[in-house]
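What follows is the residue order along each chain.
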Amino acid sequence: MSKCEQCIVREFSSLKALNKDELLRMADCKTSYIIKKGESIFTEGENLNGVYCIKDGVCKMTKLSANGNEQIVKLIKKGELLGQRSMISEEPVNLSAVALEDMQVCFVPKSEIMGFFNTNNQFSLSMMRAVCGDLKQADDHLVDMAQKPVKQRLAETLVQLYKDFGTDTDNSLKIKLSREELAGMVGTATESCIRLLSDLNKQGLISLSGKKIAIPDVNKLSRFAVKG
């Protein structure tokens, strides 16, 4: 594991506001883990005593509905933090985090993070902005779920996966989600997701090859996601 001051998480998260001495203190108290694909980082209802820094890999943030279906709320990629809202509010986590691929994560205790809150105004402001950004994203997602047809939501999700994770050399989406996981992101049944993917394929908006999904023209798919 690299030093905290050289880590990608510092580059893209609230940790960029920490000075060298603070980063050295954090490095002394962090714990590093390898999380295997399919393993949980934490489960809905747990009390967290710190934050997780995602150094490598991707995890899904999920919530179980009353009927036991898994709703994927968002994907978290390397460079991001997990658990800051729960830590600040002192409430159990509202979502579960499960690795979609092997991950490298570091855990930093709450006592250390809250110490930075008291001594570094820029850090506390940056973390609060991150939490507010999460809340705005949740508001936007709620409106989309209520107002957009499922096919447009699916198109929008595919565009976001393209922008966030890019493509492989064969031009297929780099992030590999099962049809069930993709349905969980869109908020529909797996059978409906499979049918709608086929519809988008027939319209030439995506290209399907086995489980792989390619987007020939992301601007065209983006326009469909907005206007249908």
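I will try to describe carefully the structure that is included in this document. Source: prediction; values computed, not measured. (Residues numbered from 1 in each chain as written. Predicted model: local features only at pLDDT ≥ 70, side-chain atom pairs only at ≥ 80, totals over all residues. Heavy atoms only, no water.)

### Some words on the overall build of the protein
Phase 1: The helix and strand inventory of the protein stands at 9 helices and 10 strands.
Phase 2: For the protein, whose C-alpha radius of gyration is 19 Å, the value lies close to the compact-globule estimate of 17 Å for 228 residues.
Phase 3: Referenced to the eigenvectors of the C-alpha coordinate spread, the extents of the protein come out at roughly 55 × 40 × 30 Å.
Phase 4: Just so you have it, the protein exposes about 12,300 Å², and 49% of that area is on carbon and sulfur atoms.
Phase 5: Side-chain charges of the protein comprise 32 positive and 29 negative groups, with the mean position of each set lying 6 Å from the other. (Helix = DSSP H or I, 4+ residues; strand = E, 2+ residues; numbered from the N terminus. Rg over C-alpha atoms; globule rule 2.2 N^0.38 Å. Areas by Shrake-Rupley, 256 points an atom, 1.4 Å probe, with all protein chains shown as cover. Lys, Arg positive; Asp, Glu negative; His and termini not counted. Charge placed at Lys NZ, Arg CZ, Asp CG, Glu CD.)

### A word on the environment of F165
Phase 1: Structurally, F165 is set in helix 6 (residues 150–165).
Phase 2: Remark: the alpha-carbon pair of F165 and A66, spanning 99 residues in sequence, is separated by 31 Å.
Phase 3: Here F165 is in contact with V58, L75, K77, K174 and I175, once residues within four sequence places are set aside. (Contact = heavy atoms within 4.5 Å.)

### A short note on the nonpolar core
Phase 1: The biggest cluster of nonpolar side chains holds 29 residues, and the ones touching the most others in it are L75, L154, L158, L161 and L182.
Phase 2: Sorting the residues of this core by element identifies strand 5 (70–76), helix 6, helix 7 (179–186), helix 8 (190–202) and helix 9 (218–227) as the ones contributing at least two each.
Phase 3: Looking at this core element by element, the count peaks at 6 residues for helix 6.
Phase 4: Mapping this core onto the domain boundaries places at least three of its residues in each of domain 1 (8–130) and domain 2 (145–227).
Phase 5: Setting aside its immediate chain neighbours within four residues, L75 contacts V58, C59, K60, E80, L100, L161, F165, I175, L177 and M185.
Phase 6: Judged by nonpolar contacts, the second largest core, of 18 residues, contains C4, L15, L23 and I113. (Core = buried A, V, L, I, M, F, W, Y, C linked by side-chain atoms within 4.5 Å. Buried < 20%, exposed > 50% of the residue type's maximum accessible area, 1.4 Å probe, protein only. Domains from an automatic or database assignment.)

### A look at helix 6
Phase 1: Helix length check: helix 6, at 16 residues, gives a terminal C-alpha distance of 22 Å against a target of 22 Å (1.5 Å per residue), a fit within 8%.
Phase 2: Listed in full, the buried residues belonging to helix 6 are Q152, R153, L154, A155, T157, L158, V159, L161 and F165.
Phase 3: Positive backbone phi, approximately 75°, marks G166, located one or two places after helix 6. (Expected span 1.5 Å × (residues − 1).)

### Thoughts on the packing of helix 6 against helix 8
Phase 1: Running from amino to carboxyl end, helix 6 crosses helix 8 at an angle of 75°, the nearest separation of the two axes being 10 Å. As the angle between them shows, helix 6 and helix 8 are arranged roughly perpendicular. For the pair helix 6 and helix 8, the contacting residues are V150, K151, L154 and L158 in the first and C193, L196, L197, D199 and L200 in the second.
Phase 2: Here the residues of the contact of helix 6 with helix 8 are counted per class, giving 7 nonpolar, no polar and 2 charged. (Axes fitted to C-alpha atoms, helices over the stretch in contact; angles between N-to-C directions. Parallel < 35°, antiparallel > 145°, perpendicular 65-115°, else oblique. Nonpolar A, V, L, I, M, F, W, Y, C, P; charged D, E, K, R; others polar.)

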